[in-house]
Amino acid sequence: MCGTVGPVDDAALILDDLVALRRRLHQHPEVGLHLPQTQAAVLEALAGLPLEISTGAGLSSVVAVLRGDLQGPDLPGPTVLLRGDMDGLPVVEDSGEPFASTTGTMHACGHDLHVAGLVGAARLLSARKAELAGNVVFMFQPGEEGPGGALPMIEEGVLEAAGTPVDAAFGIHVTGLYDKGLFVSKPGPAWAGVNLLHVTVHGKGGHGSSPWMSVDPVTVAAEIVMALQSYTTRRINVFDPVVITVGELHAGTASNVIPSTARLTASVRTLSSASLKQLTLELPRLVQGISAAHGCTADVDVEPEYPVTVNDAGMWDHAKTVLTGMYGPDRVHERSEPIMGAEDFSYVLERVPGCFIQLGARPDDVPAEGAPSNHSAKVRFDDSVLGEQAAALAELAVATLTKLAVPSPQAAGVVRE
Ligand SMILES: [Zn+2]
């Protein structure tokens, strides 16, 4: 393991800088696709490194390319992409941290750590440029919490930023639930795909005293809410689970008025394209059937949001080997189950083999039992993991470039005449 002691030690040397950057970002979270202050902080932190830097046209993204020295124009090396998302959430912070945000927005999902960790990886890899057998693309992405920044960045060319297509991609996401310093992921579907179900039930409004003279969409909407739950247990393969949560239900303006419409929106989470296809076909039929049975009509739309995040099994095996080499087997854990949350890094992993890995960042003084989860106003992340985050990303890039690089004739022992 002597070859991997270096990056861990190097990361310790820059930890103070990364913590300072993270805390600065934490005080000023920005939400969505336009994050001017965060973008400026990233550009400032990358200044002076041997990177080719560009910024997004339609969003405040930053893309930086590092070209390794162990490649030439006639023998270009592979390209690895490392991703960190940058956005906060519209959450009023109640973490008690001395550097808590007071702006009404919060880095409640730890994306401030992702930015600082990716900056750290850029610094570590810049120092190791001479031993890189290819290119590294650093993807600083806004809008993960919505409306989605990965797809616009792909459309703006992040996967071809180095001039050749990206060959492998990695991202690390901190969590307030796992022990500090624990790396966790799984092969195959690892995070759910999320889709929205929009339903409008049309009835006939009237006086609340005489429902038989109206067509009440409220009772129909209530029946649909319950039917969606029995649908998932009766129609969906139990080994390919689906979660349907009706998070919005709107109807009416007064207790004595039967409204003419009722509206609901559900988040529909899937782990396969097969179940998404089935839902897209069957949910309109279910909703329209119930509505018709009561004399209503319904508009139904299943809108895909983020696809399923699928880790390449070989890349996860490779990542496990790299991380175990750095930190030992006790720090690397393979989950058996996916997470039903969603991630737009899925758009990258749909196009490029790679994997998305969680990193535990629960502070020592927060008991595992009942620890606040990501997105909670009370969640805290121990930013001493930033060294591990930066070193792990950097080492994944180095090891993957080495693994994917076509050996030069000299290195392969082939002597050309
Ligand atoms: Zn997140």
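Residues numbered from 1 in each chain as written. Predicted model: local features only at pLDDT ≥ 70, side-chain atom pairs only at ≥ 80, totals over all residues. Heavy atoms only, no water.

At this site the zinc ion is bound by Cys109 (SG), His111 (NE2) and His173 (NE2), with donor distances of 2.1 to 2.3 Å. A residue is classified by how much of its surface remains accessible, and His173, at 8% relative accessible area, is buried. (Donors = N, O, S within 2.8 Å, 3.2 Å for Na, K, Ca; no water. Buried < 20%, exposed > 50% of the residue type's maximum accessible area, 1.4 Å probe, protein only.)

Before going further, it helps to examine the sheet that holds strand β3 (residues 79-85). Here we have eight strands laid out as an open sheet, ordered β1-β2-β4-β3-β5-β16-β6-β15, and mixed in their pairing. At either margin of the open sheet sits one strand with a lone partner, and together these are β1 (52-55) and β15 (332-334). Direction aside, neighbouring strands of the sheet carry axes that sit 25 degrees apart on average. Relative to the sheet, helix α2 (residues 36-46) contacts β1, β2 (62-67) and β4 (135-141), its axis offset from that of β2 by approximately 20 degrees. (Pairing = 2+ DSSP bridges. Helix = DSSP H or I, 4+ residues; strand = E, 2+ residues; numbered from the N terminus. Axes fitted to C-alpha atoms, helices over the stretch in contact; angles between N-to-C directions. Contact = heavy atoms within 4.5 Å.)

We now examine the side chain of Glu97. Tracing the chain through its elements places Glu97 in the loop between β3 and α3 (111-127). By relative accessible area, which is 17% here, Glu97 ends up buried. Beyond its immediate chain neighbours, meaning those up to four positions away, Glu97 contacts Arg380 and Phe381.

Here we take up the confidence of the model for the protein chain. In this model, the protein chain carries an average pLDDT of 94, and 96% of its residues clear a pLDDT of 70 or more. Across residues 411-417, where pLDDT falls below 50, the model places three contacts with residues more than four positions away in sequence or in other chains. (pLDDT = per-residue confidence, 0-100.)

Taking 1.5 Å of rise per residue, the 15 residues of helix α7 (residues 313-327) would be expected to cover 21 Å, and the 21 Å separating its terminal C-alpha atoms lies within 8% of that figure. Among the residues of α7, those classed as buried are Met315, Trp316, His318, Ala319, Val322, Leu323, Gly325, Met326 and Tyr327. Where α7 begins, the side chain of Asp312 points an oxygen toward the backbone nitrogen of Gly314, at a separation of 3.1 Å. Following α7 by one or two positions, Gly328 adopts a phi angle in the positive range, close to 90 degrees. (Expected span 1.5 Å × (residues − 1). Polar contact = N/O pair within 3.5 Å; in protein donor to acceptor, adjacent residues only side chain to side chain.)

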